[in-house]
Structure formats: C-alpha cells, structure tokens
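A look at the structure
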Amino acid sequence: QVQLVESGGGLVQAGGSLRLSCVVSGRTFSIYAMGWFRQAPGKEREIVAVISRGGSMTSYADSVKGRFTISRDNAKNTVYLQMNSLKHEDTAVYYCAVGRGGVVLPTTTSNYDYWGQGTQVTVSS
C-alpha cells in the first residue's frame, strides 16, 4: 500500500517562507517522478513543481518560478518544496503525488497515481 504523508504547512505572513515535506512509503521511491500540486477554494488543482526520479530535472509553474524550489532525497524517500517570498495568492492546500511510471516530468494530474492527504498553507497579507 502506497502512502504519502505531507507536513510543514501552516500560517505565514506575506514575504515569509515555508518548507513542505512529503514522505513516501510502499513504493520504490527513486524510480518515480514526484510532483507538488495545490488547490485553492473554488479552484481546480494545479501543478506547482515537478522533479524527475533522479532529481536532475525540474519544472515549475510560472507563478512560482524563482520563489519555490523542489528537491528530493531518495535515501529518505522524501520530496521537499521550499517556498520563499510567499504571497497571499499562494494560499491553498498543497498535495504531493507520485508520478506514473515511465513519465519523466509529469505535469498533469492524470499522470499521477498516488496522492497525499494535503497540507494547508495560509499566507496572510
């Protein structure tokens, strides 16, 4: 059984930083790309960042480029999302997900097979 457990969310002032973590169990973590998504109230879930299985390739949504950094530690089965210069519009529930086998940098929800329960990030303006 695959489990993803996110942590690190919370309330932060605009301009602040947070670091999200996602620990994966029940899967050979190092052979799958990983992604972070977010969903704000009344909006669709959107991609935030993706990292390839080895960590050499990444992709970011335009809205977070230069502010967010995705990374992974395959020895710890963990993917991270460092979020700096946070804005009110970054407020959302953030989810990590395991990419579908064979897809190098999946950027759509349909290319992800397993999801975490989500962690709330609230940025006060």
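Rules of the game
- Residues numbered from 1 in each chain as written.
- Predicted model: local features only at pLDDT ≥ 70, side-chain atom pairs only at ≥ 80, totals over all residues.
- Heavy atoms only, no water.
- Helix = DSSP H or I, 4+ residues; strand = E, 2+ residues; numbered from the N terminus.
- Rg over C-alpha atoms; globule rule 2.2 N^0.38 Å.
- Buried < 20%, exposed > 50% of the residue type's maximum accessible area, 1.4 Å probe, protein only.
- Salt bridge = Lys/Arg side-chain N within 4 Å of Asp/Glu carboxyl O.
- Disulfide = S-S within 2.5 Å.
- Phe/Tyr/Trp six-rings, centres within 6.5 Å; stacked < 30°, edge-to-face > 60°.
- Lys NZ or Arg CZ within 6 Å of the ring centre and 35° of its normal.
- Pairing = 2+ DSSP bridges.
- Axes fitted to C-alpha atoms, helices over the stretch in contact; angles between N-to-C directions.

1. Topic: the overall build of the protein chain
Secondary structure assignment for the protein chain yields 0 helices and 11 strands. Listing every helix and strand of the protein chain by position from the N terminus yields β-β-β-β-β-β-β-β-β-β-β. For 125 residues, the compact-globule estimate of 2.2 N^0.38 gives 14 Å, and the C-alpha radius of gyration of the protein chain, at 13 Å, lies within 12% of that figure. Seen through its principal axes, the protein chain has C-alpha atoms that stretch 40 × 30 × 25 Å. Every one of the 125 residues in the protein chain was classed for burial, and the buried ones make up 42%.

2. Topic: the pattern of salt bridges
Scanning the entire structure with this criterion turns up 5 salt bridges. The salt bridge partner of Asp62 is Lys65, with a shortest N-O separation of 3.1 Å. What makes Asp62 exposed here is its relative accessible area of 63%. Put simply, Arg67 and Asp90 hold a salt bridge, and the shortest N to O gap is 2.7 Å. You can see Arg67 sitting in the loop between β6 (58–60) and β7 (68–73) and its partner Asp90 sitting in the loop between β8 (78–83) and β9 (92–99), a full 23 residues away along the chain. The class for Arg67 is buried, based on a relative accessible area of 10%. What makes Asp90 buried here is its relative accessible area of 1%. Residues participating in the shared-partner salt-bridge network are Arg38, Glu46, Arg67 and Asp90.

3. Details of the state of the cysteines
Two cysteines form a disulfide when their sulfur atoms are joined by a covalent bond. Tallied over the full model, the rule gives 1 disulfide. Paired through a disulfide, Cys22 and Cys96 show a sulfur-sulfur distance of 1.9 Å. Judged by the sign of its S-S torsion, about 55°, the bond between Cys22 and Cys96 is right-handed. You can see Cys22 sitting in strand β3 (residues 18–25) and its partner Cys96 sitting in strand β9, a full 74 residues away along the chain. No difference in accessibility class separates Cys22 from Cys96, as the two residues are buried.

4. Some details on the packing of aromatic side chains
In this structure the tally under the stated criterion is 3 aromatic pairs. Here Tyr112 and Trp115 contribute two aromatic rings whose centre-to-centre distance is 5.9 Å and whose plane-to-plane angle is 50°, an arrangement assigned as tilted. Residue class for Tyr112 comes out buried when judged on its relative accessible area of 4%. An aromatic cluster is built from Phe37, Tyr112 and Trp115, whose rings are joined through pairwise contacts. Here the guanidinium or amino end of Arg72 rests over the ring plane of Phe29, the centre of that ring lying 4.4 Å away.

5. Description of the sheet that holds strand β1 (residues 3–7)
Taken in spatial order, the 4 strands line up as β1-β3-β8-β7 in an open sheet, and their pairing is antiparallel. The open sheet has two free edges, formed respectively by β1 and β7, since each of these has just one partner strand. Strand-to-strand twist across the sheet, computed as the mean angle between neighbouring axes with direction ignored, equals 15°. Pairing between β3 and β8: 6 bridges, direction antiparallel. Bridge pairing links Val23 to Thr78 in β8.

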